[in-house]
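# Topology and contacts: notes
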Amino acid sequence: MPPADVDDDWSDSDDELNADVETNVDLGVPDGPVDELDTLLDPSVSRIGGHPTFLSFPQPPATHATCPNCSQPMELLIQIWCPLEESPNDRALYVWACTKGSCQRKEGSVRAWRELRYNHKYAEKLERKAARRKAKEAEEAVAAAAQAAKKAQPKSNPFALGAAPTASPFGLGSQIFGSSDAAAPSECPQTESAERSGSPTLESDDGGSDGVDSESSDGDAEGADALAASLQAASLDDSPWSAAPSYPPFYLSTVSEYLPPPPKTKVPAGATVDQDDDSPTNGKDAHGRWDLEGYENSLDVDHVFERFSERVSYEGEQCLRYERGGTPLPFASDKVFDRLFPVPPAPPLPVTKPDFMVAPPRKRSYAPASLPRCPYCDGPRVFECQLMPNLINVLRTPAAAADAKKLTDAERRAEVMHAFKGAAASKGMEWGTCMVFSCEKDCTGGKEGSTWREEYVLVQWDV
């Protein structure tokens, strides 16, 4: 248990929202089995279980999904289509795990890989978008400079001798006397109107002449994806990945996380609420973190697990939490939690006076600096996603039980003898959550082609 003066009931940034809003977390929930072959061969379809579908050909070696503890192929838990908006690369994330009982709670039994494929058409689209943005910034800079120069000019006195005649604010002089300067004021609104009508075209990726290019680009991209799918279909049967063990595939749909408002306390008529305690929100400070009394930490209660359970209960079907660059949701108080949310140093005690001092509880905060840096580019790692316990329930399909019933009597006797001798390894996963941390730079092997990178995984095991 942590020291009594440590606020073990940490909080991430989303708790500051105080509910009734959508958070920045995307939740992945199962959405039925995948039966169509075309869908199984589409790498842009996120899924639970099944065999992996890769972005490029040739496929990566199957040894990348081998358990380092038992040297056996691992099962695919989840495949996520997660391209970055400002990146020219298509992007997918794969997470494998070993289900052997002897490999549980061992390092390397859960592995995550990131695959990138350079998308030429989307890269050209980003270049056009950047060029339009740069042109707009240049126009705004010129307009700002002209406005500043106009303000810097000295104001002339219209009553001074020899002063230039000023136009009437209503433009009557130009209409009556036919001044040659009348064309300038009349053309300016038209020009400005034309530029504003063209502004949406400059900002939009599908408007004006770029709309034709965008449509053709989309068509070419679809053709490229179809070609890649055909290559995958032609080589899937001969691939060693098809022989690897797998779970039945399920669709993985995305929903936003919603935190309902806290229940309001009913106050009897005539009663008053005491607001004198240090926390103005009944134990919660302005930063969304909870203040606990010392005796609460002395109890044999895991407040981290309680908060995990409460947060997950809002959407019990979630199998995945995705928030790249966000804060993970730890499962329990263990070494992983202490590493990601370290105990802050205690305040120095007074040395001049022996007076008794009540120290405020120390609050934990997320420390991504404790993660190892990317071994490929030496860049920092950021939290990307984490697997949730319901994923294990989804992968426990009736098919596995049906296969177990197909054993013959001799096979059952042999299995019982192996179990009696301790030689058999039970199958199943015992983790509470698996956190995936990826390279913040999303580093690649080069400008074009494909990239295959292993990312860092921290596992909190079930207690």
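Residues numbered from 1 in each chain as written. Predicted model: local features only at pLDDT ≥ 70, side-chain atom pairs only at ≥ 80, totals over all residues. Heavy atoms only, no water.

Quick look at the overall build of the protein now. In terms of helices and strands, the protein carries eleven helices and twelve strands. Sorting the 463 residues of the protein into buried and exposed places 35% on the buried side. Summarising the internal contacts of the protein: among those between residues at least 6 apart in sequence, 78% fall at separations of at least 24. For the protein, the accessible surface area stands at approximately 27,500 Å², while carbon and sulfur atoms represent 56% of it. (Helix = DSSP H or I, 4+ residues; strand = E, 2+ residues; numbered from the N terminus. Buried < 20%, exposed > 50% of the residue type's maximum accessible area, 1.4 Å probe, protein only. Contact = heavy atoms within 4.5 Å. Areas by Shrake-Rupley, 256 points an atom, 1.4 Å probe, with all protein chains shown as cover.)

A complete count under the given rule lists twelve aromatic pairs for this structure. Summarising the aromatic geometry, the rings of Phe54 and Tyr94 are spaced 5.4 Å apart at their centres and angled 40° between planes, so their arrangement reads as tilted. Taken together, the positions of Phe54 in the loop between β3 (47–48) and β4 (75–81) and Tyr94 in strand β5 (residues 89–97) put the pair 40 residues apart, joining distant regions of the chain. Residue class for Tyr94 comes out buried when judged on its relative accessible area of 0%. Every member of this aromatic cluster is reached through a ring pair, and the members are Phe54, Tyr94, Trp96, Trp113, Trp241 and Trp452. The ring of Tyr376 carries Arg453 above its face, with NZ or CZ at 4.3 Å from the centroid. (Phe/Tyr/Trp six-rings, centres within 6.5 Å; stacked < 30°, edge-to-face > 60°. Lys NZ or Arg CZ within 6 Å of the ring centre and 35° of its normal.)

Turning next to the confidence of the model for the protein. Averaged over all residues, the pLDDT of the protein is 74; the fraction at 70 or higher stands at 61%. Confidence, read as mean pLDDT per element, is least for helix α4 (residues 183–203) in the protein (38) and greatest for strand β8 (residues 320–322) (97). Confidence drops under pLDDT 50 across residues 399–404; counting only partners more than four residues distant or on other chains, this segment forms zero contacts. (pLDDT = per-residue confidence, 0-100.)

On to the pattern of salt bridges, then. Under the criterion given, the structure shown has 14 salt bridges. Note that Arg114 is salt-bridged to Glu455, the shortest N-O span being 2.5 Å. Remark: Glu455 occurs in strand β12 (residues 450–461) and Arg114 occurs in strand β6 (residues 110–118); sequence separation between them is 341 residues. The pair Arg114 / Glu455 is uniform in exposure class, with both members buried. When salt bridges with common partners are traced through the structure, they connect Arg91, Arg114, Arg324, Arg381, Glu384, Asp442 and Glu455 into a single cluster. (Salt bridge = Lys/Arg side-chain N within 4 Å of Asp/Glu carboxyl O.)

Here we come to the sheet that holds strand β10 (residues 381–387). Reading around the circumference, β2-β7-β3-β4-β5-β6-β12-β11-β10-β8 is the order of the ten strands in this closed barrel, with antiparallel pairing throughout. As paired strands, β3 and strand β7 (residues 250–259) are joined by two bridges and run antiparallel to one another. Of the residues in β7, the one forming a bridge with Ile48 is Phe250. (Pairing = 2+ DSSP bridges.)

What follows deals with the pairing of β7. In this structure, strand β2 (residues 21–33) lies alongside β7, joined through eight bridges in antiparallel fashion. Its bridge partner lying in β7, Glu22 is registered against Tyr258.

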